[in-house]
Amino acid sequence: MRLGFFTMPMHPPGSDPAETLRDDLEQIVVADKLGYEEAWIGEHLTAEWENIPAPDLLIAQALPLTENIILGTGVNCLTNHDPFMLAHRVAQLDNMARGRFYWGIGSGVFSGDLEAYGFDPKQKENRQASREILDVIIELWNDPKPGMYESKYFKFRVPEPDPRVGLGMHMKPYQKPHPPIGVAGLTPYSSTLVVAGERGWIPMSSDIIPWRIIATHWDAVESGVKDGSPAPNRSEWRIARDIFVADTTEEAQKLALEGTLGRDYGDYFLRLGRRARGMEIFKQDPETPDSEVDLDYMLEHIWVVGSPDDVVEKLTGLYEAVGGFGVLLAVGHEWKPHDKWLHSMTLLAKEVMPRLAHLN
């Protein structure tokens, strides 16, 4: 099993973006030094808690400050972008990264982000739009034909090239035929992960969901495989988890419940669930009353919190429950208190993961 990092990021409304962007960058730099193999950065336009609207800019800033870690968008919400411009930006970033880049994509789930571009969240038209946008971006990378590209969701023209003076669409990704594409699943038997199986993309499972939902995700991947599709490999499957490690389980639980992890769930995720998605998304047993889904429930069923021994046991249990996976993505929260979170990240990398290396 390999270790990575995923940051949405998580900052309460009213935070100073200059400070939070600096802190998010520091986390990526530290993760690289600790040996984390990859880091994915989220994109949101209207979610004040998750306040990075342009993950490619943070990735570009992180590239010269890191050495080995692979950086990825987690994700570019395709409906928020003009495909002609996004094709150029992603290709340029891949060249700047010289292959240290994954392209995470999605159709968007935040109602404000969708409404900003004219999508009704209830109609789920964003999924069809995302498929069309992705297909045209890949076409632009592979074989950009001059002429008008137009659908219900975009309109642009690729001009006729003039090789005499070097005019025309020229930017191609560094990785061929394009950067590895990753997509995330949240719901049982996620339709997004079905597409991942069909197209050979990197499948990822969200951090806020219980094992019973995660266990359906590989079934979704395999159900998408068709004749000609690459054979899916569990070593490519990423599972994100909220993890906090301390020297003792008692200390870890106290710091998790009373610190930023508890704050982010109590003030954001649980409130968001009650407002939008419903509480079932968090439940290990769907029959659990909504009133019981609180921070203590998160501690028992969703988070991975404890001493190194306990965290090894919990992660081994997750691995066995879902049938195996390849990359654990530790989710980023504000490092407050800084020394405790840095210690947690270090214990995870240096004491926990070596004891999970046999899980293959």
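Residues numbered from 1 in each chain as written. Predicted model: local features only at pLDDT ≥ 70, side-chain atom pairs only at ≥ 80, totals over all residues. Heavy atoms only, no water.

1. So, the overall build of the protein chain
Phase 1 of the analysis: Broken down by element type, the protein chain carries twelve helices and twelve strands.
Phase 2 of the analysis: The C-alpha radius of gyration computed for the protein chain amounts to 20 Å, which stays within 12% of the reference 21 Å derived for 360 residues, consistent with globular compactness.
Phase 3 of the analysis: In terms of its C-alpha atoms, the protein chain occupies a principal-axis envelope of roughly 70 × 45 × 45 Å.
Phase 4 of the analysis: Out of the 360 residues belonging to the protein chain, those deemed buried represent 53%.
Phase 5 of the analysis: Restricting to contacts in the protein chain with at least 6 residues of sequence separation, those with at least 24 account for 75%.
Phase 6 of the analysis: Surface summary for the protein chain: the accessible area is close to 16,100 Å², and the carbon and sulfur share equals 51%.
Phase 7 of the analysis: Taken together, the 35 basic and 54 acidic charged side chains of the protein chain have centroids lying 5 Å from each other. (Helix = DSSP H or I, 4+ residues; strand = E, 2+ residues; numbered from the N terminus. Rg over C-alpha atoms; globule rule 2.2 N^0.38 Å. Buried < 20%, exposed > 50% of the residue type's maximum accessible area, 1.4 Å probe, protein only. Contact = heavy atoms within 4.5 Å. Areas by Shrake-Rupley, 256 points an atom, 1.4 Å probe, with all protein chains shown as cover. Lys, Arg positive; Asp, Glu negative; His and termini not counted. Charge placed at Lys NZ, Arg CZ, Asp CG, Glu CD.)

2. Examining the packing of aromatic side chains
Phase 1 of the analysis: Evaluated as defined, the whole model comprises 14 aromatic pairs.
Phase 2 of the analysis: With centroids separated by 5.1 Å and ring planes inclined at 5°, the aromatic side chains of Tyr-149 and Phe-156 adopt a geometry described as stacked.
Phase 3 of the analysis: Using a relative accessible area of 9% as the deciding quantity, one classes Tyr-149 as buried.
Phase 4 of the analysis: With relative accessibility at 8%, the residue Phe-156 sits in the buried group.
Phase 5 of the analysis: Grouped by ring-pair contacts, the aromatic residues Trp-49, Tyr-265, Tyr-268, Phe-269 and Trp-303 constitute a single cluster. (Phe/Tyr/Trp six-rings, centres within 6.5 Å; stacked < 30°, edge-to-face > 60°.)

3. Here's the deal with the sheet that holds strand 8 (residues 202–205)
Phase 1 of the analysis: The eight strands are arranged 1-2-3-4-7-8-9-12 in a closed barrel whose pairing can be described as parallel. Averaged over all pairs of adjacent strands, the angle between strand axes in this sheet comes to 25°, irrespective of strand direction.
Phase 2 of the analysis: Where strand 2 (residues 38–41) meets strand 3 (residues 70–77), four bridges bridge the pair, whose relative direction is parallel. Pairing of Ile-41 across the sheet is with Thr-73, part of strand 3.
Phase 3 of the analysis: Along the sheet, helix 2 (residues 55–62) contacts strand 2, strand 3 and strand 4 (101–106); its crossing angle with strand 3, the most-contacted strand, is approximately 170°. (Pairing = 2+ DSSP bridges. Axes fitted to C-alpha atoms, helices over the stretch in contact; angles between N-to-C directions.)

4. Concerning the nonpolar core
For soluble globular proteins, nonpolar side chains are generally found buried alongside one another.
Phase 1 of the analysis: Judged by nonpolar contacts, the single largest core of 110 residues is most densely connected at Tyr-36, Trp-103 and Leu-348.
Phase 2 of the analysis: A total of seven residues in this core trace back to one element, the largest contributor, which is helix 5 (residues 125–142).
Phase 3 of the analysis: The residues contacting Tyr-36, other than those within four sequence positions of it, are Leu-3, Gly-4, Phe-5, Ala-31, Ile-69, Ala-330, Met-345, Leu-348 and Ala-349. (Core = buried A, V, L, I, M, F, W, Y, C linked by side-chain atoms within 4.5 Å.)

5. Overview of unusual backbone geometry
Phase 1 of the analysis: A cis geometry characterises the amide bond from Met-8 onward to Pro-9, with omega recorded as -10°.
Phase 2 of the analysis: Mapped onto the fold, Pro-9 is located in the loop between strand 1 (2–7) and helix 1 (17–34).
Phase 3 of the analysis: Put simply, Lys-176 and Pro-177 share a cis peptide bond, and its omega is 0°.
Phase 4 of the analysis: Within the element layout of this structure, Pro-177 appears in the loop between strand 6 (155–158) and strand 7 (181–185).
Phase 5 of the analysis: If you check the backbone angles, Arg-98 has positive phi at about 50° while not being a glycine.
Phase 6 of the analysis: Examined against the element boundaries, Arg-98 turns out to sit in the loop between helix 3 (83–97) and strand 4.
Phase 7 of the analysis: Residue Tyr-189 is not a glycine yet carries a positive backbone phi of 50°.

6. Describing the environment of Ile-239
Phase 1 of the analysis: Secondary-structure assignment places Ile-239 in strand 9 (residues 238–241).
Phase 2 of the analysis: Owing to a relative accessible area of 0%, Ile-239 belongs among the buried residues under this scheme.
Phase 3 of the analysis: For the pair Ile-239 and Gly-99, spaced 140 residues apart in the sequence, the C-alpha separation amounts to 22 Å.
Phase 4 of the analysis: What Ile-239 contacts, discounting residues up to four positions off in sequence, is Ser-205, Ile-214, Leu-318, Val-322, Phe-325, Val-327, Leu-328 and Leu-329.

7. Some details on helix 3
Phase 1 of the analysis: Compared with an ideal rise of 1.5 Å per residue, which puts 15 residues at 21 Å, helix 3 spans 21 Å between its outermost C-alpha atoms and is within 8% of the ideal.
Phase 2 of the analysis: Along helix 3, the positions that sit buried rather than exposed are Pro-83, Leu-86, Ala-87, Val-90, Ala-91, Leu-93, Asp-94 and Ala-97. Down the axis of helix 3, the buried set is contained in an arc of 160°. They therefore lie on one face.
Phase 3 of the analysis: Against helix 2, strand 3, strand 4, helix 5 and strand 6 lie the buried residues of helix 3.
Phase 4 of the analysis: Its side-chain oxygen at 3.1 Å from the backbone nitrogen of Phe-84, Asp-82 defines the N-terminal cap of helix 3. (Expected span 1.5 Å × (residues − 1). Arc of directions from axis to C-beta. Polar contact = N/O pair within 3.5 Å; in protein donor to acceptor, adjacent residues only side chain to side chain.)

8. Considerations on the pairing of strand 4
Looking along a regular strand, one sees side chains alternate from face to face of the sheet.
Phase 1 of the analysis: Of all six residues making up strand 4, six are buried, and the element is well covered by its neighbours.
Phase 2 of the analysis: Neither face of strand 4 is left uncovered, since the one carrying Phe-101, Trp-103 and Ile-105 and the one carrying Tyr-102, Gly-104 and Gly-106 both have all their residues buried.
Phase 3 of the analysis: Traced from strand 3 through helix 3 to strand 4, the parallel crossover comes out right-handed.
Phase 4 of the analysis: Taken together, the two bridges between strand 4 and strand 7 define a ladder with parallel strand orientation. Across the sheet, residue Gly-104 finds its bridge partner in strand 7, namely Gly-182. (Right-handed = clockwise from strand over helix to strand, strands pointing away.)

9. Things to note about the pattern of salt bridges
Phase 1 of the analysis: Scanning the model with the defined rule gives 18 salt bridges in all.
Phase 2 of the analysis: One salt bridge connects Glu-236 with Arg-238, and the closest N-O pair in it is separated by 3.4 Å.
Phase 3 of the analysis: Since its relative accessible area comes to 33%, Glu-236 is described here as partly exposed.
Phase 4 of the analysis: When its relative accessible area of 1% is taken as the criterion, Arg-238 is described as buried.
Phase 5 of the analysis: Here Glu-258 ties to Lys-254 by a salt bridge, and the two come within 3.0 Å at their closest N and O atoms. Placement of both Glu-258 and Lys-254 in helix 8 (residues 249–258) is noted, with a separation of four residues, approximately one turn of the helix.
Phase 6 of the analysis: Classification of Glu-258 by relative accessible area gives exposed; the value is 61%. (Salt bridge = Lys/Arg side-chain N within 4 Å of Asp/Glu carboxyl O.)

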